[in-house]
Amino acid sequence: KKIELEKRSIMMVRKEIIEKLEALKEDFKVLSCKEVPLKDSPFLTTKRYQYCLNNGTIVYKEKLCKNVGDGSGSAVSILPITKEGRVVVIVEPRIGSENGVTLGLPAGYLDLNESPLDAAARELKEETGYVAASFIPLRNGHRYYQDQGCSKAFNSHFLALDCEKVQEQALDADEQIKFMEVEFDDVLELADNGYINDANSLLTICYGEKVLRMK
């Protein structure tokens, strides 16, 4: 299905979009924060390695391991376009972010022995209740590192076309996610004006836009 994308204009995000976004974020605002003792994390593990390079140099580096899937923390990010040409975006608490709540795209970790495509379909359905008629791997399916300085995690991103809602969310016990539909131009404006500011979502939007303009 061809999606008409008008030429991007320099404008602020529409007021009604911001008002709806702020309403969704209200439940996830951080009221208090305190440090608690941590012995063994069920999610994160840090390991230290000694590397011997070909030129004789010895390098010590820490690696961050996530106790999901194969332990690498590899993940997927999805740009979902509905049958009506709108984009599904999500709001969730991200305590490490500046504001504690972020706006972005559906995403998640790969399960053990799960392909990126299967993970994309599963995460989209779990987080939003939407399914897609087809998925297009962005960047010809090439993966990218999340943070090669301390992790071997690879990300893949997909354009999901002709999405429709078929069920309610099926979130993990520790997940808190809300979603809304916006026009594609609104997504571009939200990204350009700093409302969407995680690298995975921004890359997926950027390469997704490139594919959509070719359709």
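Below is a short write-up of the structure. (Residues numbered from 1 in each chain as written. Predicted model: local features only at pLDDT ≥ 70, side-chain atom pairs only at ≥ 80, totals over all residues. Heavy atoms only, no water.)

Moving on, we get to the nonpolar core. Core analysis: the largest hydrophobic core is formed by 27 residues, its most contacted members being L79, I81, V87 and V89. Sorting the residues of this core by element identifies α1 (15-25), β3 (75-82), β4 (86-93), β5 (101-104), β10 (154-165), β11 (178-183), α3 (184-192) and α4 (199-214) as the ones contributing at least two each. The leading source of residues in this core is α3, at five residues. Setting aside chain neighbours within four positions, we find V89 in contact with L103, G104, L105, K178, F179, M180, V182 and V187. Formed by 12 residues, the second largest nonpolar core is a distinct cluster that contains A120, L124, F158 and A160. (Core = buried A, V, L, I, M, F, W, Y, C linked by side-chain atoms within 4.5 Å. Buried < 20%, exposed > 50% of the residue type's maximum accessible area, 1.4 Å probe, protein only. Helix = DSSP H or I, 4+ residues; strand = E, 2+ residues; numbered from the N terminus. Contact = heavy atoms within 4.5 Å.)

Of all nine residues in α3, seven are buried; the element is thus mostly enclosed. Here α3 has its buried residues at F184, D186, V187, L188, E189, L190 and A191. The elements touched by buried residues of α3 are α1, β3, β4, β5, β11 and α4. Where α3 terminates, the next one or two residues include G194, which has phi positive at roughly 85°.

Of all eight residues in β3, eight are buried; the element is thus mostly enclosed. Sheet topology places β3 next to strand β6 (residues 107-109); three bridges connect them, and they run antiparallel. Opposite V76, over in β6, you have G108 as the bridge partner. (Pairing = 2+ DSSP bridges.)

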